[in-house]
Amino acid sequence: MSPSDKPNLPPGVDPIIGIDLGTTNSLVAWCDERGPRIIPDEQGRNLLPSVVRFDAKTGQATAVGHAARDHAVEYPRETVFSVKRLMGRGLEDVRGELAYLPYEVVAGEHNTARVRIGGESGRVYSPQEISAIILRELKARAEAWFGRPVRRAVVTVPAYFDDAQRQATRDAGRIAGLDVVRIVNEPTAAALAYNLGQKHGDSTVAVFDLGGGTFDVSILRMQHTDGGGAGGDSSGGDANQVLATSGDTHLGGDDVDRMIVELIQGEIRQEFGESLSFPPATRQAFRTFAEAAKIRLSQERSAPIEVELGQGRVYRRTLTREELEAMAGPWAARALACCASVMRSSKLKTEDIERVVMVGGSTRMPIVRERVSEFFGAELYTALNPDEVVALGAAVQASILAGINRGMLLLDVIPLSLGIETMGGAVAKLITANTTIPARATEKFSTYADGQTNVKIHVLQGERELVKDCRSLGQFELRGIPPMPAGLPKIEVTFLVDANGVLNVSAVERRSEKTAKIQIVPNHGLTQEEVRRMEADSLAYAQEDMTEHRLIDLRNQARLDLRAIERQLAKVGGAMDGAYRQEIEQKMEAVRGYLSQPQPDAEAFAAALTTMDHATVRLAEIAIAKTLRETM
Ligand code: AMP
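The shown structure was predicted, so the numbers you read here are calculated from the model rather than taken from an experiment. (Residues numbered from 1 in each chain as written. Predicted model: local features only at pLDDT ≥ 70, side-chain atom pairs only at ≥ 80, totals over all residues. Heavy atoms only, no water.)

1. A word on the side chain of Asp-561
Step number 1: You can see Asp-561 is positioned in helix α11 (residues 542-572).
Step number 2: The buried charged residue Asp-561 lacks any salt bridge, with Arg-567 as its nearest oppositely charged partner at 9.0 Å.
Step number 3: Sequence-distant contacts of Asp-561, that is, excluding residues within four places in its chain, are made with Leu-609, Met-612 and Asp-613. (Helix = DSSP H or I, 4+ residues; strand = E, 2+ residues; numbered from the N terminus. Buried < 20%, exposed > 50% of the residue type's maximum accessible area, 1.4 Å probe, protein only. Lys, Arg positive; Asp, Glu negative; His and termini not counted. Salt bridge = Lys/Arg side-chain N within 4 Å of Asp/Glu carboxyl O. Contact = heavy atoms within 4.5 Å.)

Spelled out as structure tokens, the structure:
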């Protein structure tokens, strides 16, 4: 995060932060008129593992977050994770959880679940107190960032949390010195991060949240309200309502890691002996390898796994995405069964679901995206980081409560033009500023080099003509185009800005039907002031930019034409009369001369190009005639 991302808080303003207090990881975020963003720690990390380590003797907390998580295997009895599973629950409610928790859980007052550190005479903590240690860490992170005390927060909880669990979350805040001004349902927060429910009427949204250890799916009714009232949730009796929720408290990415670990262990035994046993540290190493391979397979088709087993033994194999998906198919089916169940409870049909918001790290897996998209047959929202989307939404809710969000730029019209980079650093605009949304535009492009199989699509925002003066929104690659001469592939790039300002860019090569796409939440970071400045700049530099853009186009055209002429000369040059050949060479030299100048006169350059093109009409005819003779 650059220093300019830091908030510029006027003196005396008491910020309200948004907190995602998660089972595995927690985050803190802030939203002002520039949009929501995560507050990182001093090392630039966004996630705080929801893990606390205690000293067995004193019972005091000694490490929080990464430091606690990284040594969990060494201190199984003193490292507390997943404490969220115990919040506001009785010991009887959590019996089923105990098998998963290596630390000691005992009965407290009214048979509530408590954590005991250091055995029988050890110290007993309530889950609220342990959550407070995590919240205090996030509060301190925010205070370091703002350079002033932070006292108020919006905290998210799962939609299915009952009153006792919600109250326990508020209490955890109070213990940490935070006034929890609003508890927001996690799916509602995720939808708010995408601006769903803040404008453009009502909509029915599904939120699919598949994390490391838990899965939730919720159906929400997001309602438009004017004047900053949007963004409540069912608990507050406000506009946005959770219609139904379902899920599985033991379904997540960890299951996939476990399947890969079992595969690795089975194969190691087969190769190196059935009697091999695996101590906890080795199993932990397997889990790390397994997760890394799984994550790699979200991007690539295969991932190498290599484990040193000591005594010169090495286990090696390559895991393919197909193998992973064959293993994970029944696992994904369990999540979809919950989706079917939530649809039944909501009494809606999948056709009624307009959008699906994807939350949780495991929604990066292609198999998950494919199955969910198939099931709902609706557009998936994946532009925001799925690990951060709940915290970002909590911050949006906080800014609404603080009255900050009113100044936020609403994307009823597209405030700045959207386009893509073309050869030589120029920008081709697909959608111009002030187009009302939703908006759609398609433009055709091609390749510049013979045999080019990949094309980079760089999405830009701004009024200026050159890439260097516009703002980069993201980029992606269209790969696997069959090798063809330059200019032959037919690439169609489509921009679609939906009613919430989310931009979907897709590219398809029509001859091969290869496709690629990206989703972007544009301009969250722009204030009205910045938009005005960028517009003013574009007027001031208009003439200069036009010339520069023209030169880029001329250079691109000149290179393409020169290459075509060189090919034709190579083919028929030997049989041509010398004077004509010399004339062509001269015209080419003139064009090359302009190409080599840093700032040629555009008119003269264009004239040289036209002269060269005219002079080579006969050459092209000779070349075509020769080709015809050869092929007839
Ligand atoms: P969360 O609980 O939302 O933080 O999600 C954590 C889970 O997401 C873990 O099981 C991770 O292994 C998984 N995860 C994170 N990134 C990816 C990825 N790129 N592909 C597949 N799984 C991922």
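2. A word on the sheet that holds strand β21 (residues 426-431)
Hydrogen bonds between backbone groups are what pair the strands of a sheet, and the pairing can be parallel or antiparallel.
Step number 1: The four strands lie next to each other as β21-β20-β23-β24, forming an open sheet whose pairing is antiparallel. Each of the sheet's edge strands pairs with one partner strand only, and the pair in question is β21 and β24 (471-478). Averaged over all pairs of adjacent strands, the angle between their axes in this sheet comes to 30 degrees, without regard to strand direction.
Step number 2: Sheet topology places strand β20 (residues 418-422) next to β21; five bridges connect them, and they run antiparallel. The residue of β21 that forms the bridge with Thr-422 is Ala-426. (Pairing = 2+ DSSP bridges. Axes fitted to C-alpha atoms, helices over the stretch in contact; angles between N-to-C directions.)

3. What to know about the pairing of strand β9 (residues 113-117)
Step number 1: With five of five residues buried, β9 lies mostly within the body of the structure.
Step number 2: In the sheet, strand β8 (residues 104-107) pairs with β9 via four bridges, with the strands oriented antiparallel. Across the sheet, residue Glu-104 finds its bridge partner in β9, namely Arg-116.
Step number 3: Between β8 and β9, which pair antiparallel one after the other, the connecting turn spans five residues, and His-110 there sits at a positive phi close to 50 degrees.
Step number 4: The pairing of β9 with strand β10 (residues 123-125) spans three bridges and is classified as antiparallel. Looking at the pairing, Arg-116 lines up with Val-124 of β10.
Step number 5: Here β9 folds back onto β10, and the loop between the two strands holds five residues, one of which, Gly-118, carries a positive phi near 85 degrees.

4. Some remarks on the domain arrangement of the chain
Step number 1: Taken as a whole, the chain is organised into domain 1 (3-181), domain 2 (418-519) and domain 3 (546-631).
Step number 2: Distance between the C-alpha centres of domain 1 and domain 2: 43 Å. (Domains from an automatic or database assignment.)

5. Things to note about unusual backbone geometry
Excluding glycine, residues mostly carry a negative phi; peptide bonds, for their part, are mostly trans.
Step number 1: Even without being a glycine, Gln-311 presents a positive backbone phi close to 50 degrees.
Step number 2: Mapped onto the fold, Gln-311 is located in the loop between β16 (302-310) and β17 (313-320).
Step number 3: With relative accessibility at 73%, the residue Gln-311 sits in the exposed group.
Step number 4: Of note, the phi angle at Glu-513 is positive, near 60 degrees, even though the residue is not glycine.

6. Section: the sheet that holds strand β7 (residues 79-81)
Step number 1: Ordered in space as β6-β5-β7, the three strands form an open sheet in which the pairing is antiparallel. Strands at the two margins of the open sheet, each flanked by one partner only, are β6 (61-64) and β7. Neighbour-to-neighbour, the strand axes of this sheet turn through a mean angle of 25 degrees, independent of strand direction.
Step number 2: Across three bridges, the pairing between strand β5 (residues 51-54) and β7 is antiparallel. The partner of Val-52 across the bridge, within β7, is Val-80.
Step number 3: Packed onto the sheet, helix α2 (residues 127-146) meets β5, β6 and β7 and runs at close to 110 degrees relative to β5.

7. What about the site of the ligand?
Step number 1: With respect to spatial proximity, 15 residues lie near the ligand, and among them Gly-212, Glu-291, Lys-294, Ser-298 and Gly-361 are the closest.
Step number 2: A distance of 2.9 Å is found between an oxygen atom of the ligand and a backbone nitrogen or oxygen belonging to Gly-212.
Step number 3: Taking Ser-362, its main chain carries an N or O atom lying 3.2 Å from an oxygen atom of the ligand.
Step number 4: About the coverage of the ligand: the protein hides 83% of its 500 Å² of free accessible area.
Step number 5: Put simply, the parts of the chain that give the shell around the ligand at least two residues each are α5 (253-272) and α6 (280-296). (Near = heavy atom within 4 Å. Polar contact = N/O pair within 3.5 Å; in protein donor to acceptor, adjacent residues only side chain to side chain. Areas by Shrake-Rupley, 256 points an atom, 1.4 Å probe, with all protein chains shown as cover.)

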